[in-house]
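# Fold and contact review
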Amino acid sequence: MKTTGNTILITGGSAGIGLEFAKAFAAKGNHVIITGRNEERLQKAAAQLTNVTPIVYDVVDKQATDELVTRLENEFPDLNVVINNAGKAAYYHLDGDQDAATLAEEEITTNYLAIIRLNQKLLPLLKKADEAAIVTVSSIAGLVPNHFLPTYAASKAALHSYTQSLRIALGKSTNVKVFEILPPLVDTEFSAEIGGATNGIPAKQVADELVEAFENNTYEILTGRTADVFNLFLSNPTAALQAMNPGVELQTA
């Protein structure tokens, strides 16, 4: 997949990993379109970039999605890359003290259903390009869950499965390549509550590895600790679950 001369949509591009994606691709001569719900934050992010278009957009708003797609078709007909980065996470325990169903609904809508909707609506535009890509940003928790992020992990597991199916469906019959990057804990505001500043990898590392994956057509990117957890899961699923939930006594047979 080429890394220059693209027109790239990045949802959730005003901070964290999304902003680092925007910086990395803008620096390589791509036009980046970043979206976010907060206009002030979005404009501050855009001020750090060159060749950028900021658009206020909430991924869970169906009407806003239709309006965004129409605008992209009219103003950016050369769009050929979509990076689905916007996400939502709730940190809690499944012990009955919080409304798990409501939290799960919000996470599933943002992290999974909204992505399917946007990708589906943009596929006709992407298929017109000589070379195109869809990127999903899932998580190490989509492979092996962490008890602090129970329904977030479930939403990312669904996203992981969907991404694999999408890759198969588009296959060699289209020009659309499907990439998935699975970060571990990352040092961002998004993960500050669960120790991202202390134990997380830099967001720039995630962005750099996505650019490298484009260069090498590496479609599943196991960033940082994710590779170790995945390999442990293949050999010993219980050990992998314990590694993702240190200090927790597991119920085992």
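The name an unreviewed UniProt entry gives the protein is Putative oxidoreductase, with Dyadobacter jiangsuensis as the organism. You can read under Sequence similarities (unreviewed entry) in the UniProt record for the protein the words "Belongs to the short-chain dehydrogenases/reductases (SDR) family."

### Considering the environment of A45
Within the secondary structure layout, A45 lies in helix α2 (residues 39-46). In sequence terms A45 and A157 are 112 residues apart; their C-alpha atoms lie 30 Å from each other. Sequence-distant contacts of A45, that is, excluding residues within four places in its chain, are made with G13, S14, L19 and I34.

### Focus: the nonpolar core
F21, V32, I34, I83, L210 and F214 are the most contacted members of the largest nonpolar core, which has 34 residues in total. Within the residue set of this core, elements represented by two or more residues are β1 (7-10), α1 (16-26), β2 (31-36), α2, β4 (81-84), β5 (132-137), β6 (176-182) and α7 (203-216). If you look at the next biggest cluster of nonpolar residues, it comprises 29 residues, including L123, L125, Y162 and L170.

### Brief notes about the pattern of salt bridges
Within this structure, the stated rule accounts for 6 salt bridges. For the salt bridge of K121 with D66, the shortest nitrogen-to-oxygen distance reads 3.1 Å. Here the residue K121 occupies a position in helix α4 (residues 100-126), and D66 occupies one in helix α3 (residues 62-75), the gap between them amounting to 55 residues. Under the relative-accessibility criterion, K121 is labelled partly exposed at 34%.

### Digging into the sheet that holds β2
Pairing is parallel across the open sheet formed by 7 strands, whose spatial order is β3-β2-β1-β4-β5-β6-β9. Strand pairing shows two members of the sheet lacking a second neighbour, β3 (52-56) and β9 (220-222), which therefore form its edges. For this sheet, the mean angle separating the axes of adjacent strands, direction not counted, is 15°. Against the sheet, α4 touches β1, β4, β5 and β6, its axis set at about 175° to β4.

### A closer look at the layout of surface pockets
In this structure, the second largest pocket encloses a volume near 180 Å³. P145, N146, H147, L241, N245, V248, E249, L250 and Q251 are the residues that line the second largest pocket. Its residues assigned to classes, the lining of the second largest pocket shows 4 nonpolar, 4 polar and 1 charged.

### Points about the packing of aromatic side chains
Aromatic ring pairs: the centre-centre distance and the angle between the two ring planes describe each pair. Under the counting rule described, the total for this entry stands at 4 aromatic pairs. On the basis of an interplanar angle of 55° and a centroid distance of 5.4 Å, the ring pair of F25 and F214 is categorised as tilted. Of this pair, F25 sits in helix α1 while F214 sits in helix α7; the two residues are 189 residues apart in sequence, bridging distant segments of the chain. Here F25 and F214 have matching classes, each one buried. Between Y112 and Y162 the ring centres are 6.3 Å apart and the planes differ by 85°, which places this aromatic pair in the edge-to-face class. One end of the pair, Y112, is in helix α4; the other, Y162, is in helix α5 (residues 150-170), and 50 residues separate them in sequence. By relative accessible area, which is 22% here, Y112 ends up partly exposed. Using a relative accessible area of 14% as the deciding quantity, one classes Y162 as buried. One aromatic cluster is present, formed by F25, F179, F214 and Y219 through successive ring pairs.

Calculation criteria
All residue numbers here refer to positions counted from 1 along the written sequence of the relevant chain. With the structure being a predicted model, the display of local features is reserved for residues of pLDDT at least 70 and the display and counting of side-chain atom pairs for 80 or more, all residues being used for whole-chain, interface and lining totals. The basis for the side-chain values is all heavy atoms of the structure; hydrogens and waters are excluded. UniProt positions are given in the numbering used here, feature names are shortened, and annotations may be inferred rather than shown by experiment. A run of DSSP states H or I qualifies as a helix once it reaches four residues; a run of E qualifies as a strand once it reaches two. Both are numbered from the N-terminal end. Note on contacts: a residue pair is in contact if any heavy atoms of the two residues lie within 4.5 Å. Remark: nonpolar core denotes a set of buried residues (Ala, Val, Leu, Ile, Met, Phe, Trp, Tyr, Cys) joined through side-chain atoms within 4.5 Å. Type-normalised accessible area, obtained with a 1.4 Å probe on protein chains alone, sets the label of each residue: buried when under 20%, exposed when over 50%, and partly exposed for intermediate values. The salt bridge definition used is simple: a Lys or Arg side-chain nitrogen within 4 Å of an Asp or Glu carboxyl oxygen. One bridge is not enough; two strands pair if DSSP finds at least two bridges between them. Helix axes use the C-alpha atoms of the stretch in contact, all axes being lines fitted to C-alpha atoms, and the angles between their N-to-C directions lie in the range 0 to 180 degrees. Buriedness of a pocket was judged along seven lines, with at least five required to meet protein on both sides within 12 Å; pockets are open sets of points on a 1 Å grid over the protein atoms alone, cavities are sets where a 1.4 Å probe fits but cannot get out, and lining residues have an atom within 4 Å of a point. Grid points are joined across faces, edges and corners, and a volume is the space filled by probe spheres set on the points. For this classification, Asp, Glu, Lys and Arg are treated as charged, while Ala, Val, Leu, Ile, Met, Phe, Trp, Tyr, Cys and Pro are nonpolar and the rest, including Gly, are polar. Ring geometry is summarised as follows: Phe, Tyr and Trp rings, the Trp one being its six-membered ring, pair when their centres sit within 6.5 Å, and such pairs are stacked at plane angles under 30 degrees, edge-to-face over 60 and tilted between the two.

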